[in-house]
Amino acid sequence: MPPKKRTGGSRNELSTSAGQDNLSGNESAEDFDNDVKGKRKKPATETSAKQKGTSEKDASGKTVYCHWLMKSEPESRIQNGVDVKFGIEDLKALPNQTGCWDGVRNYQARNFMRDMKVEQQAFFYHSNCKEPGIAGIMKIVKEAYVDHTQFDKKDPHYDPSSKPGNPKWIMVDVQFERKTKRYIPLSELKKYHLRHKAKGGPLKNMALFTRSRLSVQPLTEEEFNFVLSLEGKGRI
DNA sequence: GCCAACGTTGGC
DNA sequence: GCCAACGTTGGC
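All values derive from a computational prediction rather than experimental measurement. (Residues numbered from 1 in each chain as written. Chains lettered and ligands numbered in written order. Predicted model: local features only at pLDDT ≥ 70, side-chain atom pairs only at ≥ 80, totals over all residues. Heavy atoms only, no water.)

Brief notes about the overall build of chain A
At step 1: In terms of helices and strands, chain A carries seven helices and ten strands.
At step 2: A total of 236 residues make up chain A; the buried ones form 50% of that total.
At step 3: Of the contacts formed within chain A by residues at least 6 apart in sequence, a portion of 72% connects residues at least 24 apart.
At step 4: Counting every atom, chain A has about 11,300 Å² of accessible surface; 51% of that belongs to carbon and sulfur. (Helix = DSSP H or I, 4+ residues; strand = E, 2+ residues; numbered from the N terminus. Buried < 20%, exposed > 50% of the residue type's maximum accessible area, 1.4 Å probe, protein only. Contact = heavy atoms within 4.5 Å. Areas by Shrake-Rupley, 256 points an atom, 1.4 Å probe, with all protein chains shown as cover.)

Pasting the structure below:
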């Protein structure tokens, strides 16, 4: 998903509180069906404790994540007459180095975004480009609120099936934290993934490979820390 | 630009 | 609720 950010942060307070009810309250049937099937009956008590610590299970047994990877396209591509380019430098250039991660139109990705909490970290991943890979780290500065672009006919991610009274799509605000000390290419991560899959290791189940098309993905703390540790090493 | 993988849609 | 057709993602 190539979200196209606009301005910095939260001047969308209207939709925020209005939308919030819709989003947490009445999830329409269709919303949740596309979630990881099988599990998730609807947690009686949503996440309360474990928020900031390691990724673990909540009361209902659902895994709680606190590290993320979000994909965006750093190279120009025209979609519906609009350039969807948005790389890490574009985020950094916004006021307060903050932007809204709009344009996510996949239920699983959306549901992960809904789980995001303020202060959590996410890798900024460059997709659909010369050399795909992790470019930096950002943090969540505003939790899920209505993605207004779904109602905008001019927007490349306009969704005519979504109605203002019951919005389908949400976004979060993210703030640039830093670029990684070096660019960490997908090709390198893949080598580790294959190695770890064969012999064991932190990246053996990394979503980047096991669910490669997901534009918003969770990482376990082990995955996150391992990837971070690569910053200081040479490429393999 | 190709195309594999996979998500979505809609007929039945 | 199945599944074929279709659309999209994103690496290569």
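Let's talk about the packing of helix H5 (residues 186–199) against helix H7 (residues 221–230)
At step 1: Following both chains from N to C, one finds H5 and H7 inclined at 130°, their axes separated by 12 Å at the closest point. Looking at the two axes, H5 sits oblique to H7. Helix-helix and strand crossings are classified by hand; for H5 and H7 the assignment is right-handed. Along the contact surface, H5 presents Glu188, Leu189, Tyr192 and His196, while H7 presents Phe226, Val227 and Leu230.
At step 2: Classifying every residue of the contact of H5 with H7 by side-chain character gives five nonpolar, one polar and one charged. (Axes fitted to C-alpha atoms, helices over the stretch in contact; angles between N-to-C directions. Parallel < 35°, antiparallel > 145°, perpendicular 65-115°, else oblique. Left-handed = near helix turned anticlockwise from the far one by under 90°. Nonpolar A, V, L, I, M, F, W, Y, C, P; charged D, E, K, R; others polar.)

Re H7
At step 1: Every buried residue belonging to H7 is among Glu223, Phe224, Phe226, Val227 and Leu230, and all of these are buried. Viewed end-on, H7 has its buried residues packed into an arc of 165°, placing them on one side of the element.
At step 2: Buried residues in H7 make contact with strand S3 (67–72), strand S7 (121–126), strand S8 (133–146), strand S9 (170–185), H5 and strand S10 (216–219). (Arc of directions from axis to C-beta.)

Comments concerning the packing of aromatic side chains
At step 1: On inspection of all chains with the given rule, the structure shows nine aromatic pairs.
At step 2: Between the aromatic rings of Phe86 and Trp101, the centroid separation amounts to 6.3 Å while the plane-to-plane angle is 85°, which identifies the pairing as edge-to-face. Here Phe86, found in the loop between strand S5 (82–83) and helix H3 (88–93), pairs with Trp101, found in the loop between strand S6 (98–100) and helix H4 (107–115); they are 15 residues apart in sequence, far enough to count as distant.
At step 3: Look at Phe123 and Phe224: their rings are 4.5 Å apart centre to centre, the planes differ by 20°, and that puts the pair in the stacked class. Placement of Phe123 in strand S7 and of Phe224 in helix H7 is noted, with a sequence separation of 101 residues between them. (Phe/Tyr/Trp six-rings, centres within 6.5 Å; stacked < 30°, edge-to-face > 60°.)

Thoughts on H5
At step 1: Between its first and last C-alpha, H5 extends 20 Å over 14 residues, near the 20 Å set by a 1.5 Å rise per residue.
At step 2: Buried residues of H5: Glu188, Leu189, Tyr192, His193 and His196, and no others. Buried residues of H5 fall within an arc of 140° about the axis and therefore sit on the same side. Facing away from the buried side of H5 by over 90 degrees, the exposed positions are Lys197 and Ala198.
At step 3: Gly200 sits one or two positions beyond H5 and adopts a positive phi of about 90°. (Expected span 1.5 Å × (residues − 1).)

Considering the sheet that holds S10
At step 1: Reading across from one edge, S6-S9-S8-S7-S3-S10 is the order of the six strands in this open sheet, with mixed pairing throughout. Each having just a single partner strand, S6 and S10 make up the two edges of the open sheet. On average, adjacent strands in this sheet sit at an angle of 35° to one another, irrespective of strand direction.
At step 2: Summarising the sheet, S3 and S7 pair through six bridges and their orientation is parallel. Note that in S7 the partner of Trp68 across the bridge is Ala122.
At step 3: Running at roughly 95° to S9, H4 makes contact with S3, S8, S9 and S10 of the sheet.
At step 4: Packing against the sheet, H5 makes contact with S7, S8 and S9, and its axis sits at approximately 85° to S9. (Pairing = 2+ DSSP bridges.)

In short, shape yes, function no, at least from these values alone.
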